Amino acid sequence: MNLFPPDSTQSGNTTTRAKRPGKPQEVPEPPAIGVASVSHLIDKLSDYLTPVELKKVKEAYRFSDEMHLGQVRKSGEPYISHPIAVAEICAEWKLDAQAIMAALLHDVIEDQDVKKEELIERFGSPVATLVDGLSKLEKIEFQSLVEAQAENFRKMLLAMASDVRVILIKLADRLHNMRTLGVMAPAKKRRIAGETMEVYVPIAHRLGLNNIYRELQDLAFSHLYPLRYRTLSKAVKSARGNRREVVKKILESVKNTLAVSGIQAEVYGREKTLFGIYKKMRNKHLSFSQVLDVYGFRVVVDTAPNCYVTLGTLHGLYKPMPGKFKDYIAIRKLNGYQSLHTTLIGPYGTPVEFQIRTQDMHRTAESGVAAHWLYKTGDQNMSDLQQRTHAWLQSLLDIQQQTGDSAEFLEHVKVDLFPDSVYVFTPKSKIIALPRGATALDFAYSIHTGIGDHTVAVKINNETQPLRSELHNGDIVEIVTDPESRPSPTWLSYVRTGKARSAIRHHLRTINVNESVELGQELLAQALAARNIEPTLSSSTVDRLLAESSAKSMDELYADIGIGKRMPALVARHIFGLIEGESLTVPSNLPMGGDIDPVTIYGSEGVSVQLAPCCLPIPGDQITGQLRRDQGLVVHTCDCLPAKRLRVKEPDRWIAVQWGEELNRRFDCRIRLLINNEKGILARVAAEIGESDGNITYVGMDEDDENMMTQLRFTIQVKDRVHLAHLIRNLRRVAGVNRVERERA
């Protein structure tokens, strides 16, 4: 993903730029330059700003115009036309004078070398802080382009957490860039459109900015898939004529019915966005002719009770489709959206979707947080939408405090930007909104990090369920905690929310340092041995290594290797370059195999070494090790299918491992039995497992009534592969058991 391209395509400008006055420069002959007028913007602002505020806005415009003098966009327009257009979009939301000034100045730090101190002196600290939050980072050396892009995005989101106007201006900036993207090269169009769809569209949705959300979606769609966009656009225009009579008939019927019922309402038809239609066709594998609800209707009434009266009236007019009613008034969406949604069978059997809402709900649905922007944090009368947004922005700060680097921060935040949500209840009937696919463990962390860290069990609808259980709308969730319980690395494989992931990783980094250091030392020693380097390094080599790897100590470096954050092969290559005086960019990775001594596994190393839950290796199995980020070393059997697929994707993260000789513990293993469905069979099987010195930790059952057979699944604890073979042999002799086998991933 390309968050912030380094070639200034963010604003679509050419490489011709005006430098600060007084600096020598060569300006190529620009294309024909039009005239950019600020009068339309001033007219808009005059409706709600005071004369004093208007004067400050004009000063900001004159300064921006001077800084961008001679600079043109790809289209040939003066560059100043872009900041003016961004300010006009902000003016439509009636943002304050400071935000409008920041919109006009948003590129002067990044493009024209204007210092933040100068902006503070000219326009005040609030405006300068907004502009700084909108600017990319100065030329800092990053290890990779991805890291630089992630850091830029992190800076913008953290600035937004302290003042939401930052992201409102940024979205206005992105909207105008997308509207004028047509002049860019096809590759750049696809790159910027992909970035918009992946990052800015979800943010607009999360903040309830539905107008921008829909327009950005369609603009990005048109540049990512231009042929599909044109084909679908043509089909919609054709259908518009065919369905005009149906739409007209529905509108007249609804208006007349509501008038007879004494309900004052605005009723109008609305067409689904092209991307919305395309998404439905793609997800449900439909042709355009099969997408019947291309058109929908919106009914805007005066009060919330009348929304429900209107719903009943419409259900009396047309028959409702079962399962197609959603009440987002009683339980509003995560971004504050409220409406009643219902799908009815209209004339000629056509499904018709209706949205019913009040004027206030409509204003919030279209403008979201921009309708009640949030930077007046001292206001005690914050709306529910403001409180929800404030809580989400605060969670960004919490994630930042627990996150190790920018790429990880970006990963956590993107998880939370998924628009679909599920709504579950606490035992005290408080509603908690979580991303779709969230588990009971996500719920625990959403309540409080301390609750999540100490979770041992969960009850969903009064029934005990596994922590990985996926939650559904309406579930009542109760968390059981134990002060002695601690997070496990395996939790990272099934939590969905950024808050849960960052909290678990933070705990694993800070609590299990000693185990990670020991494992990291062993892994690095193994990698150094492959290059014939002694593990004891000279002090000068250590000093240079720490300086160039940004680690504070060797223990921190070892811990990073132990939790999978750094690759031992790459660190060894780095050390080899330091010792030999070679370039640090040695072309080949260290091979994981050959004559390298394998890491010895005893099964008692703690959380830094995990036995993979997919295949549950036991002593005697041929094993291999995967270094996973923030999970340390994960041990798989060599024939594990998921491991083989992962090895193809990341071959350099796999190392040789072997079992130790003295293993004083038992290991989990799964077996599956096919048995006759007869009385007493489960008791006989369980007794035989006990007599064979096995311990049952889990049992599951699937019945096949047609064949009178039952499939039993056990997780049992055994000493090793020989013990397991002996236990399986004994089970096969039990009357009623037809087949016994070890269950593989």
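Computed from a predicted model, the values in this text were never measured in an experiment. (Residues numbered from 1 in each chain as written. Predicted model: local features only at pLDDT ≥ 70, side-chain atom pairs only at ≥ 80, totals over all residues. Heavy atoms only, no water.)

(A) The arrangement of the packing of helix H3 (residues 81–92) against helix H9 (residues 165–179) in detail. Interhelical geometry of H3 versus H9 gives an angle of 125 degrees and a closest axis separation of 9 Å. Our classification of the angle between H3 and H9 gives oblique. In this structure, the crossing between H3 and H9 has a hand that is right-handed. Where H3 abuts H9, its residues Ser-81, His-82, Ala-85, Val-86, Ile-89 and Cys-90 lie against Ile-169, Ala-172, Asp-173, Leu-175, His-176, Asn-177 and Arg-179. Here the contact of H3 with H9 is built from residues that sort into 7 nonpolar, 4 polar and 2 charged. (Axes fitted to C-alpha atoms, helices over the stretch in contact; angles between N-to-C directions. Helix = DSSP H or I, 4+ residues; strand = E, 2+ residues; numbered from the N terminus. Parallel < 35°, antiparallel > 145°, perpendicular 65-115°, else oblique. Left-handed = near helix turned anticlockwise from the far one by under 90°. Contact = heavy atoms within 4.5 Å. Nonpolar A, V, L, I, M, F, W, Y, C, P; charged D, E, K, R; others polar.)

(B) Representation of H3 within the structure. Taking 1.5 Å as the rise per residue, H3 with 12 residues should run 16 Å; its terminal C-alpha atoms sit 17 Å apart, in good agreement. The element H3 is largely enclosed, with a buried count of 11 among its 12 residues. Residues of H3 that are buried: Ser-81, His-82, Pro-83, Ile-84, Ala-85, Val-86, Ala-87, Glu-88, Ile-89, Cys-90 and Ala-91. Structurally, H3 contributes buried residues whose contacts are with helix H1 (39–46), helix H2 (51–67), helix H4 (97–104) and H9. Phi turns positive one or two residues past the end of H3, at Lys-94, with a value near 60 degrees. (Expected span 1.5 Å × (residues − 1). Buried < 20%, exposed > 50% of the residue type's maximum accessible area, 1.4 Å probe, protein only.)

(C) Focus on the sheet that holds strand E10 (residues 477–481). Taken together, 3 strands build an open sheet; the order of strands is E9-E8-E10 and the sheet is antiparallel. Of all strands in the sheet, those bounded by a partner on one side alone are strand E9 (463–465) and E10. Averaged over neighbouring strand pairs, the angle between their axes works out to 35 degrees when direction is ignored. Pairing between strand E8 (residues 455–460) and E10: 5 bridges, direction antiparallel. Bridge pairing in E10 links Thr-455 to Thr-481. (Pairing = 2+ DSSP bridges.)

(D) The pairing of strand E13 (residues 623–628), seen in detail. Across the 6 residues that make up E13, a large majority, 5, are buried. As paired strands, E13 and strand E15 (residues 654–659) are joined by 3 bridges and run antiparallel to one another. Considered in E15, the bridge of Gln-626 is made with Trp-654.

(E) Representation of H1 in the model. Where H1 is concerned, the buried positions are Leu-41, Ile-42 and Leu-45. The buried residues of H1 all sit within an arc of 100 degrees when viewed along its axis, so they share a single face. Where H1 is buried, its residues contact H2, H3 and H4. (Arc of directions from axis to C-beta.)

In short, the description is geometric, and any link to function would need to be established separately.
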